[in-house]
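Each chain is listed here by its residues.
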Amino acid sequence: MSAAEQGVVAAGHPLTAEAGARVLREGGNAVDAAVGAMLTSFAAEQLLTGLGAGGYMLVAGDGEEPTLLDFFVEAPSDRRSSGVEGANEGVEDRPPPAELRAVDVSFGDAAQVFHIGPASCGVYGTPAGVCDAMRRWGSVPLQELAAPAAELARKGVELNEGQAYIAGILADLLTSTPECAALWAPEGHVLKEGELLRNPELGDALLLLGDEGAEPFYRGEIATAVSDWLRAHGAALSSENLAGYRAVEREPVRVRYRDREVLTNPPPSAGGTLLAYALALLDRGPAPPRLSGVVEAMKAAQGERTPEFVEGLSEIGFLERFLCKRLGSTTHISVLDAQGRACSVTCSNGEGSGVLVPGTGIHLNNMMGEQDLNPLGFHRHPAGRRMPSMMAPTVVLHEGRVELVLGSAGSNRIRSALLQTIVGVVDHGLSARAAVQAPRVHFEDGMLYVEPGIDLGELLEPDSPVDVPGAEVVQFHELNLFFGGVQAVLRRDGAIDGAGDPRRGGVAVRA
């Protein structure tokens, strides 16, 4: 069997991609490889993902019924205001509620405000997601997948250029608490390229996950450590929230695009629904679409993200009603194995909350402080509701066979990055590498963000369907992680190839 036939893994870090490829070489399937890569990313990409994060996994294959596994972050409850009998016991012993802390993050040519601290922490899902995925699809013992990742966390990972850049722009977050600063700034400065990030306690937690599964993280020793620490610091997340968490299997969104079928993330996630809407709009127009048409589809999708849309995501039948009415930090791993099974998994810790729970090595997410995920205001989402993420692991089928496996990081830019990559492959016949590396645009809130290499002439024409003349154009000077991080694997003419996004240090590795 040739290397190309054994499969390809595309991921946001060379160690992550190599870990998944090694699992494929040793006989594992696409899900085994994705989980092995996920666990390694927890050690190699600690700023983007981890055991305190959440995510989604889409599994599909040639002739296989596709499934979306939702293990994203849930909104916590605050027992002090729950109204449940006995909920207020011991309230007088609790500190006042924690407040969100704002930090500014600069991408060089654009900036964004994020909110961190104990109040920003939602109920994590990655331990449950890993174990449910292995229970349903896995063929390799979880211990074997966790051990290399644990050793990596204990020995340390040398920061590469991409991870060092992210650490630099998140410096205020990484020094916001003594615990986080001890990990990320042990010598008084935030770690730089070439310096070693060691997290032995995370290694212990990864081994515990391999040995005992998710139970300790939701109802055992890790759950106790997390809930006790957060309680002492005024956070809403409680032991009851952790104990009640479950990963959920969902049916993916299906939308036709040209002669393909696109599978992506369904409600209550927002990103897949909006991506499907944009693709359906483009499918009505000429192939290939003009750049103005692509931007107009972005604009239309953004315009649909109203408070009513966000509230409706949790309602049964929302997807069908939405599409029929209108149409008639983060890291990603894409895997395609020799049997034609695809696994597309996106995980995110947000930017991280700055809360590193002592004794666990776990940096908790800040999803309750993410404006992109919580646009209705802090804690407007009821307890137990999955946050309306923009993450959208996606698979494109051609004549019933997997053609393209992809997903992206990048907050609100995820859907525009995926849209442009799919258009590049399907409409322009680009290779995975060319489609991923092509310059991107993003339209949001009246602003058009543009990477170098984009010809603005068409968009600035007086008859352009996009109101760009009335918008503010933000031109970047180089490719930037602001525009996402697409990791993609493409099967074309019997050969499998992949591409990692250079914006986030991504690579593709053949098995």
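Residues numbered from 1 in each chain as written. Predicted model: local features only at pLDDT ≥ 70, side-chain atom pairs only at ≥ 80, totals over all residues. Heavy atoms only, no water.

Novice: Before we move on, can you summarise the overall build of the protein chain with the specific residues and values?
Specialist: Each helix and strand in the protein chain was counted, giving 18 helices and 22 strands. Within the protein chain, the proportion of its 511 residues that are buried is 62%. Approximately 18,400 Å² of the protein chain is accessible, and the part contributed by carbon and sulfur atoms is 49%. (Helix = DSSP H or I, 4+ residues; strand = E, 2+ residues; numbered from the N terminus. Buried < 20%, exposed > 50% of the residue type's maximum accessible area, 1.4 Å probe, protein only. Areas by Shrake-Rupley, 256 points an atom, 1.4 Å probe, with all protein chains shown as cover.)

Novice: Give me the pattern of salt bridges: which residues, what numbers.
Specialist: Under the definition given, this model contains 22 salt bridges. For Glu-74, the salt bridge identified is with Arg-386, shortest N-O distance 2.9 Å. Each member of the pair, Glu-74 together with Arg-386, is buried. Across the pair Glu-151 and Lys-155 runs a salt bridge whose closest N-O atoms are separated by 2.8 Å. Residue Glu-151 and its partner Lys-155 are both found in helix H5 (residues 142-155); the two are separated by 4 residues, about one turn of the helix. Residue class for Glu-151 comes out partly exposed when judged on its relative accessible area of 41%. The network of salt bridges with common partners includes Asp-70, Glu-74, Arg-250 and Arg-386. (Salt bridge = Lys/Arg side-chain N within 4 Å of Asp/Glu carboxyl O.)

Novice: Residues and numbers for the packing of helix H14 (residues 291-303) against helix H17 (residues 414-426), please.
Specialist: Where H14 meets H17, the axes come as close as 11 Å, and the angle between the chain directions of the two elements is 150°. Judged by the sense of rotation from one axis to the other, the crossing of H14 with H17 is right-handed. Facing H14, whose interface residues are Val-294, Met-298, Ala-301 and Gln-302, H17 presents Arg-415, Ser-416, Leu-419 and Gln-420. Here the residues of the contact of H14 with H17 are counted per class, giving 4 nonpolar, 3 polar and 1 charged. (Axes fitted to C-alpha atoms, helices over the stretch in contact; angles between N-to-C directions. Left-handed = near helix turned anticlockwise from the far one by under 90°. Contact = heavy atoms within 4.5 Å. Nonpolar A, V, L, I, M, F, W, Y, C, P; charged D, E, K, R; others polar.)

Novice: Provide a residue-level description of the environment of Val-310, including the pertinent values.
Specialist: Here Val-310 shows up in helix H15 (residues 307-312). Along the backbone, Val-310 and Ser-269 are 41 residues apart, and their C-alpha atoms lie at a distance of 9.2 Å.

Novice: So what about helix H9 (residues 200-212)? Which residues, and what values?
Specialist: If you check H9, its first and last C-alpha atoms are 18 Å apart, about what 13 residues at 1.5 Å a residue would give, namely 18 Å. Turning to H9, its buried residues are Leu-202, Gly-203, Ala-205, Leu-206, Leu-208, Leu-209 and Gly-210. Buried residues along H9 sit against helix H3 (30-44), helix H4 (126-137), H5, helix H10 (215-218) and helix H11 (221-232). Backbone geometry just after H9 places Gly-213 at a positive phi near 75°. (Expected span 1.5 Å × (residues − 1).)

Novice: Please set out the sheet that holds strand E1 (residues 7-11) residue by residue, giving values where relevant.
Specialist: An order of E8-E3-E2-E12-E11-E1-E22 is seen for the 7 strands of this open sheet, with the pairing classed as antiparallel. The two strands at the open ends of the sheet, each matched to only one other strand, are strand E8 (248-250) and strand E22 (507-510). Averaged over all pairs of adjacent strands, the angle between strand axes in this sheet comes to 15°, irrespective of strand direction. Alignment of strand E11 (residues 330-337) against strand E12 (residues 341-348), held across 7 bridges, turns out to be antiparallel. (Pairing = 2+ DSSP bridges.)

Novice: Outline unusual backbone geometry, listing residues and values.
Specialist: Following Pro-267, the chain continues to Pro-268 via a peptide bond in cis, the omega torsion being 15°. Between Ala-287 and the following residue, Pro-288, the backbone shows a cis peptide bond with an omega angle of -5°. Checked against the element boundaries, Pro-288 lands in the loop between helix H13 (271-283) and H14. Phi is positive for Ser-411, which is not a glycine, with a value near 55°. By the secondary structure assignment, Ser-411 is in the loop between strand E16 (401-407) and H17. Taking relative accessible area as the criterion, Ser-411 reaches 13% and is therefore assigned buried. Despite not being glycine, Asp-445 has its phi angle at roughly 50°, a positive value. On the secondary structure map, Asp-445 appears in the loop between strand E17 (441-444) and strand E18 (447-450).

Novice: Can you explain the confidence of the model for the protein chain? Please cite residues and give values.
Specialist: A residue-level look at the protein chain finds 88% of positions with pLDDT of 70 or above and a mean pLDDT of 88. Overall, residues 80-91 carries pLDDT values under 50, and its contacts beyond four positions in sequence, including any with other chains, amount to 13 contacts. This model gives residues 375-379 a pLDDT under 50, and the stretch forms 13 contacts once residues within four places in sequence are excluded. (pLDDT = per-residue confidence, 0-100.)

Novice: So what about the sheet that holds E17? Which residues, and what values?
Specialist: Pairing between the strands of a sheet comes from backbone hydrogen bonds, and it takes one of two forms, parallel or antiparallel. Across the sheet, 3 strands lie side by side as E17-E18-E19; this open sheet has mixed pairing. The open sheet has two edge strands, E17 and strand E19 (472-475), and neither has a second partner. Adjacent strand axes in the sheet meet at a mean angle of 15° when their direction is disregarded. In this structure, E18 lies alongside E19, joined through 4 bridges in parallel fashion.

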